[in-house]
Every structure is written in structure tokens, then in C-alpha cells.
Amino acid sequence: MTTWVIIGTTSAMGLAFARKCASEGAQLLITTRKAVDAKPLVSDLYIRGAKEITSVKLDLGKTGGSAELLERVSTIPGEINVAFFAGSMSEQSQLNADPLLAARTYTENLIGPADCLQRLALIMEERGCGTIIALSSVAGDRGRASNYSYGSAKAGWSAFLSGLRNRLHDAGVKVVTVKPGFVDTDMTWGLPGLFLVASPDAVAERLWQARLGRKDVIYVPGFWRWIMLIIRLIPEPVFKKLKL
């Protein structure tokens, strides 16, 4: 049986995807930052149809925080698929004023996830199968004054996923980079200027379909590909004046 390893299950999109997997009768390994957070999630996912569920505590903001996860994954037989939803976002004004918070933003959105996925990839590479679906963000497509710390971490994460995809291609492991626009989550609640906000359930459905598709990079909703293309094409002298 195929096992889905869902990293960041307590996030809105992670939970929506876990519920989708459960409804399809999948076997799950879910991660939460605190062990107590897993109990209601496990009950919820069993009710929705999951065959078997294992929960692991994971904090990508700490050195060695993925050790327990890697140990558990290495003992799971058969094909392993990974869905990666970990990350955090704070307002840029807070990051400008607090270097420690900024450093944690880089750790939680790039350094910790890259270290964890690099190690998970070794297991999948040895088995020669599986799919990795990893959330990045449209924010990484171009640095903007309003969220350049978060955006630069996501840009690095997208570059990491691109390189990993090329590395694992010959081993038979698929890597899909997902770039959502505005999604109705705790991270975006209350932010000014939001438009065309997608639901976590709609994103989860698109990701479930993506596991069978041929696209390496998908934007969710799809029109964000064209929005970000326009933003990338704006000349820098003009872009600086827009204060996006």
C-alpha cells in the first residue's frame, strides 16, 4: 500500500489534503508541532476513511527536528509519497524590526524544509518510486517590498525543488512544485489587498490531481501563472515605484 507522508498537517491546506487522502482510503503519516495536536486530527481522518494513521512530532525550526520523522519513514514498507506544507509567514514590518524573527522565517520556509526533504529523498531514491508535492508560493517569483523575506525564502525553496526534481527524475521519483496565490488560511487572514481567494479544499483537490499529471510546476488557481508572468515582466525602474 502507498503511504502519504503529510508534513504540516495542521495548516489549512495540509489538513484539507490529508482529508482528501483519507477519503481515498490512503495510509497516512502526519506531522504536527505538538504531539497533543495530533489526537483530534487522527480521529477526524479515520472517520473520513484513512486505512492507517501514524503521527509524528516535527519542528523544522529546530536543528535535528526531523530525526523522528525520518526514523519512522524508513520503517514504512512500499511506496512513499510526500506532501510538504510546512512554512510560516509574518508581516514584513515585523521582520524588519526583529532579526531573530526574520531568521526563523528563513529557517522554517527554506533551511529546515530543505534539510528534511533532502533526507526523505534519499529513502525514496533508494526505492525508485513515489511523488513529492511541495508547496512554495507565488511570492517567490519576484521580490516585493511588502514580503521580500518570505518571498526570498520561497524563491530558494522553489530553486531547491527544481534541482531535486532533476536529480530524482532518473530514479523514478516525481517532484511537483505548487505555487498558490491567495488562499483562505490563518497566514493570509486579515491581510490587506487580497483578491480571488481560493479555498483550501479547492487547492487540495488540485494537488490530488497533480500527482497523476505531467506538470512540474503548477499555479493554484491556474490564472496566477499569468498574473506572475506580468509581474516578472515589469521593468525594475517601474517596479520600484509601484511599492507592491
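Not measured: the values here are computed from a predicted model.

A. Inspection of the packing of helix H5 (residues 99-127) against helix H6 (residues 148-168) at higher detail. H6 packs onto H5 with a crossing angle of 10° between their chain directions and a minimal axis gap of 8 Å. By the criterion of interaxial angle, the relationship of H5 to H6 is roughly parallel. Contact with H5, carried on its side by Thr105, Tyr106, Asn109, Leu110, Pro113, Ala114, Leu117, Gln118, Ala121, Leu122 and Glu125, involves Ser149, Tyr150, Ser152, Ala153, Lys154, Gly156, Trp157, Phe160, Leu161, Leu164, Arg167 and Leu168 of H6 and no other residues of that element. Its residues placed into classes, the contact of H5 with H6 shows 14 nonpolar, 6 polar and 3 charged.

B. Quick look at the nonpolar core. Of all hydrophobic cores here, the largest spans 31 residues; its most connected members are Trp4, Ile6, Phe17, Leu28 and Leu207. Counting only elements with at least two residues in this core, the list comes to strand S1 (3-7), helix H1 (12-23), strand S2 (27-32), helix H2 (35-47), strand S5 (131-135), strand S6 (174-180), helix H7 (200-210) and strand S7 (217-220). The leading source of residues in this core is H1, at 7 residues. Those residues in contact with Trp4 that sit more than four places away from it in its chain are Phe17, Cys21, Ala26, Gln27, Leu28, Leu29, Asn81, Val82, Ala83, Ile133, Trp208 and Arg211. Grouped together as the second largest cluster of nonpolar side chains are 30 residues, Val73, Ala121, Leu168 and Val173 included.

C. Quick look at the environment of Phe160. Within the fold, Phe160 resides in helix H6. Separated by 51 residues in sequence, Phe160 and Asn109 have C-alpha atoms that sit 12 Å apart.

D. Quick peek at the pairing of S6. Most of S6 is tucked away, with 7 of its 7 residues classed as buried. Here S6 shows no split at all, with Lys174, Val176, Val178 and Pro180 on one side and Val175, Thr177 and Lys179 on the other all buried. Of the strand pairs in this sheet, S5 and S6 are connected by 5 bridges, and their pairing is parallel. Bridged to Ala134 within S6 is Thr177. For the segment spanning S5, H6 and S6, crossover handedness is right-handed. In terms of strand pairing, S6 meets S7 through 4 bridges, oriented parallel. Counterpart to Val178 in the pairing with S7 is Ile218.

E. A look at the sheet that holds S6. Overall, parallel pairing links the 7 strands, which are arranged S3-S2-S1-S4-S5-S6-S7 in an open sheet. Lying at the two open borders of the sheet, with one neighbouring strand each, are strand S3 (52-57) and S7. For this sheet, the mean angle separating the axes of adjacent strands, direction not counted, is 20°. In this sheet, S5 lies alongside strand S4 (residues 80-84) in parallel orientation, the contact comprising 3 bridges. Across the sheet, Ala83 pairs through a bridge with Ile133, a residue of S5. Packing of H5 onto the sheet brings it into contact with S1, S4 and S5, and relative to S4 it is tilted by some 165°.

F. Here's a closer look at the pattern of salt bridges. The full count for this structure, using the stated rule, is 13 salt bridges. Note that Asp44 is salt-bridged to Arg48, the shortest N-O span being 2.8 Å. Across the pair Arg104 and Glu108 runs a salt bridge, and its minimum N-O distance is 2.6 Å. In this pair, Arg104 and Glu108 are both assigned in helix H5, 4 residues apart and thus about one turn of the helix distant. Arg104 gets classed as partly exposed once you look at its relative accessible area, which sits at 34%. Each of Arg33, Asp59, Arg104 and Glu108 takes part in salt bridges that share partners, so that together they form one network.

G. Layout of the environment of Tyr46. Along the chain, Tyr46 falls in helix H2. Tyr46 sits 18 residues away from Leu28 along the chain, and the two C-alpha atoms are 9.9 Å apart. Those residues in contact with Tyr46 that sit more than four places away from it in its chain are Lys51, Glu52 and Ile53.

H. Representation of H5 within the structure. In this model H5 runs 41 Å from its N-terminal to its C-terminal C-alpha over 29 residues, within 8% of the 42 Å that 1.5 Å per residue would give. For H5, the side-chain oxygen to backbone nitrogen distance between the N-cap and Leu100 is 3.1 Å, and the N-cap itself is Asp98. In the stretch just after H5, Gly128 is the one whose phi turns positive, near 70°.

I. Quick peek at H6. Taking 1.5 Å per residue as the helical rise, H6 with its 21 residues ought to reach 30 Å, and the 30 Å between its terminal C-alpha atoms agrees with that figure. Residues of H6 that are buried: Ser149, Tyr150, Gly151, Ala153, Lys154, Trp157, Ser158, Phe160, Leu161, Leu164, Arg165 and Leu168. Its buried side turned inward, H6 meets S4, helix H4 (92-97), H5, S5, S6 and S7.

The rules we used
- Residues numbered from 1 in each chain as written.
- Predicted model: local features only at pLDDT ≥ 70, side-chain atom pairs only at ≥ 80, totals over all residues.
- Heavy atoms only, no water.
- Axes fitted to C-alpha atoms, helices over the stretch in contact; angles between N-to-C directions.
- Helix = DSSP H or I, 4+ residues; strand = E, 2+ residues; numbered from the N terminus.
- Parallel < 35°, antiparallel > 145°, perpendicular 65-115°, else oblique.
- Contact = heavy atoms within 4.5 Å.
- Nonpolar A, V, L, I, M, F, W, Y, C, P; charged D, E, K, R; others polar.
- Core = buried A, V, L, I, M, F, W, Y, C linked by side-chain atoms within 4.5 Å.
- Buried < 20%, exposed > 50% of the residue type's maximum accessible area, 1.4 Å probe, protein only.
- Pairing = 2+ DSSP bridges.
- Right-handed = clockwise from strand over helix to strand, strands pointing away.
- Salt bridge = Lys/Arg side-chain N within 4 Å of Asp/Glu carboxyl O.
- Expected span 1.5 Å × (residues − 1).
- Polar contact = N/O pair within 3.5 Å; in protein donor to acceptor, adjacent residues only side chain to side chain.

What is shown is where atoms sit, not what they do.
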